[in-house]
Amino acid sequence: MVLTIGVASAQTPEWGWATGFGTDGWDRAWGMAHDDIGNKYIIGLFDDDTMHIEDLVLSNPDAGYDAMFVCNYGPSDEAIWAISASGFSEQSKASIQLDENGDLLFSGTFHAGSLIFSNGVTLVNPSPGQSCGFRALCTPDGLVQSAEYTTNATSWTSGQLFDSDGNSYQTGWFSTPSITLGGETFNNQGMRDAYLVKRNDQGTVQWAIQFGSSGNDGAGIALDQVHGRVIVSGGFNGPSMSVGSQVLTNSGSGNDGFLASIGFDGTVLWAQDAACESQDGYSHVEIDGFGNIYLAGYFVWTPITFGTVIIQPGGGPIDWFLAKFDEAGTVLWADGGGGANADYITSLYLDEYGSAYISGIINTGDTLTFGGLSVAFQESPGVFLVKYDPSGEAVWIKGIRGRDYGGSFMDANGYIYLLSSFSDAIDLDGITVDAGPDDNYYDIVLARLDTLSTGTEEFYMVLRNVYPNPFSSSVTIEKIPGTTSVIITDLLGKEVHRFLPGGGNAAVWNGRTTSGTEVPPGMYLV
């Protein structure tokens, strides 16, 4: 018998900490990464001469371009270090990841004649003014060690992940007539084609796949280490697109979303496109520990169909969706909608129990509904953060006033962080975050959702102290507050077993009901 314990909670968490930083100009966050001891690494852009991050000061030596910043907030949410690099524009973007050694990898594009990091490491653009792909290696304490080109000019790196052997899997696109990855040259089939490339731990290309149509194409990525595959999601604009030897047909008149499963050896296992008569795109993809695929994206004007689920548009130009697929690509459930304006998802994250967290933008005057939960911003745009359980039920929703969203994640301590931009001061459950001196521009806010307020001691993230999970005979639940009852339920919410307060700070469940009946294998919530 194999059983798995997950989190069950219908209460809404509160903001427990927040900070703001930026310049007198327009600042934005691109994304975050985190390690297994609670360090947070933020990457973004600022467009002024200097930037203040707590007591740290960064400079931009090239006034003709914006500057990239990377900063480190520690396990106790203290600002530890920050670095900058000049040579970027509003069209630039970069991502940040940790490699298998704990070093930081930045990858993206820059436009100036050279990319100059604050410690002097420099990379020259062979086509100044055009987009140039780059990758840089940085130590955990903020020392940039190297920088290199990753693709031809006029290209974009959209995602990069690493397997347990140190191999990297990178997606991106190119708009030049061709691109060479390793010893293979791909010819552009339209305006912009996407690619997936695998490199070993020495940076040598192992294989590459082109995703191409006669229009504009793009791709994102998720890694399934258990099943040895890469999941690629994105969109294509032409009437059809090739994924290896498979051909997908556009079901609409504009951009069409696609999803593909590709083995670590480069074999295309399967590929499918969306069913929407106008436009749609698969923007974000993640995989849980069972091989299930979670997909988030957008659709425009007309309904979008996932299996037997038809999601109706909300009346605005852009609406959102979240869908779950099994390992073979079969739809398990889907949700979505929108308001009268453009509302969309900008981030998707899974916790270790298969719950999904989506974040995104809600425009002024719109009301968005997630399952039975709603959020509205009547006087300004906002950012939403919603938790869905593995069965597709919306558990809770949080919203803050802001825009130009950067991302969210759960750190090693079990806290959820949200990264966004804001103008004038915002209130987060009694925590005030002030903007810079010029309210016409945007600064950056980093906020942490604290443990749930239950009126007694908190039990929200106690499942980080559950082992073994999954289990076959018994499971131990530790660090239980003395006034807390532990209730185990099935996925429908039916109580299976209850541990009453006063039994100590640990409980052992043997996979049986309170009356002693053995429960069937499956997922159970506590």
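What counts, and at which threshold
- Residues numbered from 1 in each chain as written.
- Predicted model: local features only at pLDDT ≥ 70, side-chain atom pairs only at ≥ 80, totals over all residues.
- Heavy atoms only, no water.
- Helix = DSSP H or I, 4+ residues; strand = E, 2+ residues; numbered from the N terminus.
- Buried < 20%, exposed > 50% of the residue type's maximum accessible area, 1.4 Å probe, protein only.
- Contact = heavy atoms within 4.5 Å.
- Pairing = 2+ DSSP bridges.
- Salt bridge = Lys/Arg side-chain N within 4 Å of Asp/Glu carboxyl O.
- Phe/Tyr/Trp six-rings, centres within 6.5 Å; stacked < 30°, edge-to-face > 60°.
- Lys NZ or Arg CZ within 6 Å of the ring centre and 35° of its normal.
- Core = buried A, V, L, I, M, F, W, Y, C linked by side-chain atoms within 4.5 Å.
- Polar contact = N/O pair within 3.5 Å; in protein donor to acceptor, adjacent residues only side chain to side chain.

Right, let's talk about the overall build of the chain for a bit. A count of helical and extended segments in the chain gives zero helices and 50 strands. A burial count over the chain gives 56% of its 526 residues as buried. Counting contacts in the chain only where the partners sit at least 6 residues apart, residues at least 24 apart contribute 54% of the total.

Next up on the list: the pairing of strand β41 (residues 416-422). Burial analysis of β41 places seven of its seven residues in the buried class, the great majority of the element. Residues I416, L418, S420 and F422 point to one face of β41 and Y417, L419 and S421 to the other, with burial holding for every one of them. With seven bridges connecting them, β41 and strand β44 (residues 443-449) associate as antiparallel partners. Looking at β44, one finds that S421 is bridged to I444.

What follows concerns the sheet that holds strand β49 (residues 506-509). Read from one edge to the other, the open sheet built from three strands follows the order β45-β46-β49, with strand pairing classed as antiparallel. Across the chains shown, the open sheet's two edge strands, defined by having one partner strand only, are β45 (466-467) and β49. Relative to strand β46 (residues 475-478), β45 is paired through two bridges, and the arrangement is antiparallel. Bridging across to β46, Y467 finds its partner in T476.

Here the focus is the pattern of salt bridges. Per the stated rule, a full pass over the model turns up seven salt bridges. The residue E148 makes a salt bridge to R135 at a minimum N-O spacing of 2.7 Å. Of this pair, E148 sits in strand β14 (residues 144-153) while R135 sits in strand β13 (residues 132-138), and the two are 13 residues apart along the sequence. A relative accessible area of 36% means that E148 is categorised as partly exposed. Relative accessible area serves as the criterion here: at 12%, R135 is assigned to the buried category. With a closest N to O distance of 2.7 Å, D224 and R229 form a salt bridge. Both residues of the pair, D224 and R229, belong to the buried class.

Moving on to the packing of aromatic side chains. Inspection of every chain in the model, using the stated rule, returns 19 aromatic pairs. Seen in terms of ring centroids, F211 and F258 are 5.6 Å apart; in terms of plane orientation they differ by 25°. Their pairing is stacked. Of this pair, F211 sits in strand β20 (residues 205-212) while F258 sits in strand β25 (residues 256-263), placing them 47 residues apart in sequence. Owing to a relative accessible area of 0%, F211 belongs among the buried residues under this scheme. F258 sits in the buried class, given a relative accessible area of 0%. Taken together, the ring pairs in this structure connect W17, F21, F69, Y73, F409 and Y417 into an aromatic cluster. Sitting above the plane of the Y415 ring, R448 keeps its charged end 5.0 Å from the centroid.

In this structure, F21, I42 and F69 are the most contacted members of the largest nonpolar core, which totals 38 residues. Look past the residues within four positions of F21 in its chain and what remains in contact with it is I42, M51, H52, I53, F69, C71, Y73, D443 and I444. If you look at the next biggest cluster of nonpolar residues, it comprises 25 residues, including V70, F106, L123 and C138.

This part covers the environment of G382. Here G382 shows up in strand β38 (residues 382-388). Note on G382: relative accessible area 0%, which makes it buried. Sequence spacing of G382 and G360 is 22 residues, and the spatial spacing of their C-alpha atoms is 8.4 Å. Other than its neighbours up to four places away in sequence, G382 contacts G360, I361, I362, F377, I400, R401 and G402.

At E54, a residue that is not glycine, the phi angle is positive and equals roughly 55°. Inspection of the secondary structure puts E54 in the loop between β5 (50-53) and β6 (56-59). Phi angles above zero are rare outside glycine, and D77 is one such case at about 65°. Tracing the sequence through the fold places D77 in the loop between β7 (66-73) and β8 (79-88).

Moving on: the side chain of S355. One can find S355 in the loop between β34 (344-350) and β35 (356-362). Not counting residues within four places of it along the chain, the set of residues in contact with S355 comprises Y349, L350, K387, Y388, D389 and P390.

Mapped onto the elements, Q210 comes out in strand β20. Residue classification places Q210 among the buried positions, given a relative accessible area of 13%. A sequence separation of 24 residues divides Q210 from F186, and the C-alpha atoms of the two residues are 7.0 Å apart. Within polar-contact distance, the side chain of Q210 engages the backbone oxygen of N187 at 2.8 Å.

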